[in-house]
Amino acid sequence: MNKVVSRQQLSRGITRLEIQAPRIAEIRQPGQFVIVCLAEDSERIPLTIADSDPQRGNITLVIQNVGHSTQELGNLRVGESLFAVTGPLGHPTELPDQGCALCVGGGVGAAVVHPIAQGLHRRGVKVTSIIGARTREQLIFETELRRFGDLIVCTDDGSHGCTGLVTDPLRTQLAAGPWAVVYAVGPAAMMQAVAELTRPAQIRTIVSLNPVMIDGTGMCGGCRVSVGGVTKFACVDGPEFDGHLVDYHDLLDRLTTYHTFEKSGPGGAKDHCKL
Ligand code: NAD
Ligand code: FES
């Protein structure tokens, strides 16, 4: 059993939980994720490890309420426990040893770029982050990302930072390079847009994919994605891939497969997309 040791409502529908998982806290690396089960018969929900505190034996997870199971998870209170937390899963993020890196996080993707920016900063890489959300209220991890370098904030409605999508300040930043690498995490359409902007100058671009996941061990095939014309399993081959090689049309198609079931509760809920 993994106990919830702290809980913070980041915005409406987005919750941050700190959970006891000492072994995972000790060995996790940027880019890795866990699969959590609230109860023995619950859905398995994949979540990126947003942060960890090896001394206290805790990991931080950020949960966006997109269906019945994620709502239950986000409603957990301090002192309550999860039945199981499995991980760390997936390959760690490929991090350069020097130079400058850009981290782009759209919406809840800001929590996923956090460990990447943290890992880069610890290596001495100069980090610039761009995060965006629809409104100020939905913007998360602003304070945390500011610790690792320059931070540019934007909102679709202009309620905080500059007005526009993350790709707007990205254009200016790309022109001000050189960049060793660009990381992008967020909605599939955002990651595709980032990859198209970095493609002309062939700037290495890494995206974190969030397809449906079930077992997380490469057995079920649920998380298959097409990268460079080859089928890959995001759980064991990823979750991060070369953003210039991902087939986003296929990814978007598979991501929308369960939309009609998402809100339908036990038996119908499909909260398996990695958050
Ligand atoms: P959202 O739709 O509110 O968008 C957040 C921001 O992303 C926007 O404010 C904008 O700045 C940018 N953006 C969105 N679409 C864009 C486009 N077409 N072009 C350029 N910029 C764009 O995001 P949300 O609801 O917080 O995010 C949820 C999505 O992110 C889900 O699909 C979720 O599965 C995905 N996600 C993926 C991962 C991962 O590991 N890959 C992690 C977390 C979330
Ligand atoms: Fe089953 Fe990846 S989640 S193969």
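Here the structure is a predicted model, which is why all the values come from computation and not from measurement.

A.B. asks: Before we go on, may I ask you to explain the overall build of the protein in this structure?
C.D. replies: Across its full length, the protein holds 8 helices and 16 strands. The C-alpha radius of gyration computed for the protein amounts to 17 Å, which stays within 12% of the reference 19 Å derived for 275 residues, consistent with globular compactness. Projecting the C-alpha coordinates of the protein onto the three principal axes gives extents of approximately 50 × 40 × 35 Å. When each of the 275 residues of the protein is scored for burial, the buried share is 54%. Across the protein, the fraction of contacts at a sequence separation of at least 24, relative to all contacts at a separation of at least 6, is 65%. Total accessible area on the protein stands at roughly 11,900 Å², and carbon and sulfur atoms take up 50% of it. In the protein, the 25 positive side-chain charges and the 28 negative ones have mean positions that sit 3 Å from each other.

A.B. asks: How should I be thinking about the packing of helix α6 (residues 188-198) against helix α8 (residues 248-255) in this particular structure?
C.D. replies: For any two helices packed against each other, the geometry comes down to the angle between their axes and how far apart the axes lie. For the pair α6 and α8, the least separation of the axes is 10 Å and the interaxial angle reads 170°. In terms of axis orientation, α6 runs roughly antiparallel to α8. Contact residues: α6 offers A188, M191, Q192 and A195, while α8 offers Y248, L251, L252 and L255. Here the contact of α6 with α8 is built from residues that sort into 7 nonpolar, 1 polar and no charged.

A.B. asks: I would appreciate a short explanation of α6 in the present structure.
C.D. replies: At 3.6 residues per turn, the α-helix brings residues three or four places apart onto the same side. Listed in full, the buried residues belonging to α6 are A188, M190, M191, V194, A195 and T198. Axial view of α6: buried residues confined to an arc of 160°, hence all on one face. Contacts from the buried residues of α6 go to β8 (100-106), α5 (167-175), β12 (181-185), β13 (205-208) and α8.

A.B. asks: Help me understand the sheet that holds strand β10 (residues 149-155) in this model?
C.D. replies: The strands that make up a sheet are held in pairs by hydrogen bonds between backbone atoms, and each pair lies either parallel or antiparallel. Within the open sheet, the 7 strands sit side by side as β11-β10-β9-β8-β12-β13-β16. Their pairing is mixed. If you trace the sheet from one side to the other, it starts and ends with β11 (162-163) and β16 (240-242), each paired once.

A.B. asks: Can you help me understand the packing of α5 against α6 in this one?
C.D. replies: Relative to each other, α5 and α6 sit at 20°, their axes nearing to 11 Å. As judged from the angle between their axes, α5 and α6 are roughly parallel. Along this stretch, α5 crosses α6, giving a crossing that reads as right-handed. Together, T167, L170, R171 and L174 of α5 and A193, V194, L197 and T198 of α6 make up the contact between the two elements.

A.B. asks: Explain the pairing of strand β14 (residues 224-227) here, please?
C.D. replies: Where a strand is regular, its side chains alternate between the two sheet faces. As paired elements, β14 and strand β15 (residues 230-233) share 4 bridges and run antiparallel to each other. The partner of V225 across the bridge, within β15, is K232. Linking two consecutive strands that pair antiparallel, namely β14 and β15, is a turn of 2 residues; a positive phi of about 60° is found at G228 within it.

A.B. asks: Can you help me understand α8 in this one?
C.D. replies: For α8, the complete set of buried residues consists of Y248, L251 and L255. Buried positions in α8, seen along its axis, are confined to an arc of 60° and lie on one side of it. On its buried side, α8 packs onto α6, β13 and β14. At the N-terminal boundary of α8, the capping side chain belongs to D247, with an oxygen 3.2 Å from the backbone nitrogen of H249.

A.B. asks: Just checking my understanding: could you explain the layout of surface pockets for this structure?
C.D. replies: Here the idea is plain: a probe the size of a water molecule rolls over the atoms and shows the empty space left. Considering only enclosed or pocket space, the second largest pocket measures out at about 190 Å³ in volume. Lining the second largest pocket are 15 residues, with Q29, P30, L95, G119 and R122 positioned closest to its centre. When residues of the lining of the second largest pocket are traced back to their parent elements, those giving at least two are α1 (22-27) and α3 (109-123). When residues of the lining of the second largest pocket are assigned to their parent elements, the largest contribution, 5 residues, is made by α3.

A.B. asks: Looking at this structure, how should I read the confidence of the model for the protein?
C.D. replies: Detailed reading of the predicted model is not advised wherever pLDDT is low. Per-chain confidence: the protein averages 92 in pLDDT, with 93% of residues scoring 70 or above. Overall, residues 266-270 carries pLDDT values under 50, and its contacts beyond four positions in sequence, including any with other chains, amount to 12 contacts.

Parameters and conventions
Residues numbered from 1 in each chain as written. Chains lettered and ligands numbered in written order. Predicted model: local features only at pLDDT ≥ 70, side-chain atom pairs only at ≥ 80, totals over all residues. Heavy atoms only, no water. Helix = DSSP H or I, 4+ residues; strand = E, 2+ residues; numbered from the N terminus. Rg over C-alpha atoms; globule rule 2.2 N^0.38 Å. Buried < 20%, exposed > 50% of the residue type's maximum accessible area, 1.4 Å probe, protein only. Contact = heavy atoms within 4.5 Å. Areas by Shrake-Rupley, 256 points an atom, 1.4 Å probe, with all protein chains shown as cover. Lys, Arg positive; Asp, Glu negative; His and termini not counted. Charge placed at Lys NZ, Arg CZ, Asp CG, Glu CD. Axes fitted to C-alpha atoms, helices over the stretch in contact; angles between N-to-C directions. Parallel < 35°, antiparallel > 145°, perpendicular 65-115°, else oblique. Nonpolar A, V, L, I, M, F, W, Y, C, P; charged D, E, K, R; others polar. Arc of directions from axis to C-beta. Pairing = 2+ DSSP bridges. Left-handed = near helix turned anticlockwise from the far one by under 90°. Polar contact = N/O pair within 3.5 Å; in protein donor to acceptor, adjacent residues only side chain to side chain. 1 Å grid on protein atoms, 1.4 Å probe; cavity = no way out; pocket = protein on both sides within 12 Å on 5 of 7 lines; lining within 4 Å. Points joined across faces, edges and corners; volume = space filled by probe spheres on them. pLDDT = per-residue confidence, 0-100.

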